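# Chain and residue survey
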Amino acid sequence: DAMVIQNPRYQVTQFGKPVTLSCSQTLNHNVMYWYQQKSSQAPKLLFHYYDKDFNNEADTPDNFQSRRPNTSFCFLDIRSPGLGDAAMYLCATSRGLTFTDTQYFGPGTRLTVL
Amino acid sequence: QKEVEQDPGPLSVPEGAIVSLNCTYSNSAFQYFMWYRQYSRKGPELLMYTYSSGNKEDGRFTAQVDKSSKYISLFIRDSQPSDSATYLCAFTYGGTSYGKLTFGQGTILTVHP
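We now turn to the structure provided with this report. (Residues numbered from 1 in each chain as written. Chains lettered and ligands numbered in written order. Predicted model: local features only at pLDDT ≥ 70, side-chain atom pairs only at ≥ 80, totals over all residues. Heavy atoms only, no water.)

Glancing now at empty space enclosed by the protein. Enumeration according to the criterion identifies one cavity of 30 Å³ or more in this entry. In this model, the largest cavity occupies a volume close to 70 Å³. A:Thr98, A:Phe99, A:Asp101, A:Gln103 and B:Leu101 are, among the twelve residues lining the largest cavity, the residues nearest its centre. For the lining of the largest cavity, the per-class residue count stands at six nonpolar, five polar and one charged. (1 Å grid on protein atoms, 1.4 Å probe; cavity = no way out; pocket = protein on both sides within 12 Å on 5 of 7 lines; lining within 4 Å. Points joined across faces, edges and corners; volume = space filled by probe spheres on them. Nonpolar A, V, L, I, M, F, W, Y, C, P; charged D, E, K, R; others polar.)

Shown next, in the form of structure tokens:
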């Protein structure tokens, strides 16, 4: 009964080699988020989609892109991963954008950059 | 100054102990206060939320907010080994602002039998 699914759970890539992380949801939620969580640090919001409307955080590097082809799926593309991009990437969903719309997180994808 | 400060611990307590987890924040615009629990190799899950100063209880958990001091706490009574996890405080804005969460870095808690 997994609600937010992330694939793969572990991803190893080489410095500069593009990588795509996947998130899918069975909740039919309108909003999907991507967070970056580095070791022993707070999760940091990269961007979110409300339906097809993309909202980028001001300090998210251009190296990070996202696609949402339909309600259920959202992808995180890292165009040229650097060593500093090694982190846990968390996908979350919510019904809406108010604080009462609980964010449900997936288990995360741990990215290693060699 | 960081928007949110949370003692990373780690915190190790015996089963049955009362646990106190704390965060301070500097952004007066934060109106809603949450605690998330994150088990190893899992994503965070919402534990409690509140929007007013004072206490809110849910079973063994009590969330406390002091807006004047910009300080929030989570108390766990009769702690259990199953409470072993990382606890993250989180904050968001009120009004029409979208649901961006600002997290603390998390406190690692271990409850040993």
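Now, onward.
The next subject is the pairing of strand S3 (residues 19-25) of chain B. All names here are of chain B. In S3, alternate side chains face the same way, and those of Val19, Leu21, Cys23 and Tyr25 are buried while those of Ser20, Asn22 and Thr24 on the opposite face are not. Both strand S1 (residues 4-6) and S3 contribute to a ladder of three bridges, which runs antiparallel. By the bridge assignment, valine 4 is partnered in S3 with tyrosine 25. (Buried < 20%, exposed > 50% of the residue type's maximum accessible area, 1.4 Å probe, protein only. Helix = DSSP H or I, 4+ residues; strand = E, 2+ residues; numbered from the N terminus. Pairing = 2+ DSSP bridges.)

All names here are of chain B. Pairing within the open sheet is antiparallel, and its five strands lie in the order S1-S3-S8-S7-S6. Strand pairing shows two members of the sheet lacking a second neighbour, S1 and strand S6 (54-58), which therefore form its edges. Between one strand axis and the next, the sheet turns through 15° on average, direction left out of account. (Axes fitted to C-alpha atoms, helices over the stretch in contact; angles between N-to-C directions.)

Moving on: the state of the cysteines. Residue and element names in this part refer to chain A. All told, the structure shown has two disulfides over all chains when counted by the stated rule. The disulfide bridge from cysteine 23 ends at cysteine 91, spanning 2.0 Å between sulfur atoms. For the disulfide bridge between cysteine 23 and cysteine 91, the dihedral angle about the S-S bond is near -70°, and by the sign convention the bridge is left-handed. Taken together, the residues cysteine 23 in strand S3 (residues 19-25) and cysteine 91 in strand S9 (residues 87-94) connect sequence positions 68 residues apart. Here cysteine 23 falls in the buried class, since its relative accessible area comes to 0%. (Disulfide = S-S within 2.5 Å.)

All right, on to the interface of chain A and chain B then. Taken together, the 20 residues of chain A in the interface contact 20 residues of chain B. Counting the surface lost from both chain A and chain B, the interface buries some 1,700 Å², and carbon and sulfur atoms represent 61% of this. It is A:Pro43, A:Phe99 and A:Phe105 in chain A that bury the most area against chain B; as a group they hold 33% of the surface buried on that side. Here chain A and chain B share one salt bridge between them. If you look at where chain A meets chain B, you find five residue pairs in polar contact (both at pLDDT 80 or more). Listed by contribution, the elements that provide at least two residues to the side of chain A that touches chain B are strand S4 (31-37) and strand S5 (44-50) of chain A. Sort the elements by how many residues they give to the side of chain A that touches chain B and S4(A) lands first, with three residues. A class-by-class count of the residues in the side of chain A that touches chain B yields eleven nonpolar, seven polar and two charged. (Contact = heavy atoms within 4.5 Å. Buried area = accessible area lost by both parts, 1.4 Å probe. Salt bridge = Lys/Arg side-chain N within 4 Å of Asp/Glu carboxyl O. Polar contact = N/O pair within 3.5 Å; in protein donor to acceptor, adjacent residues only side chain to side chain.)

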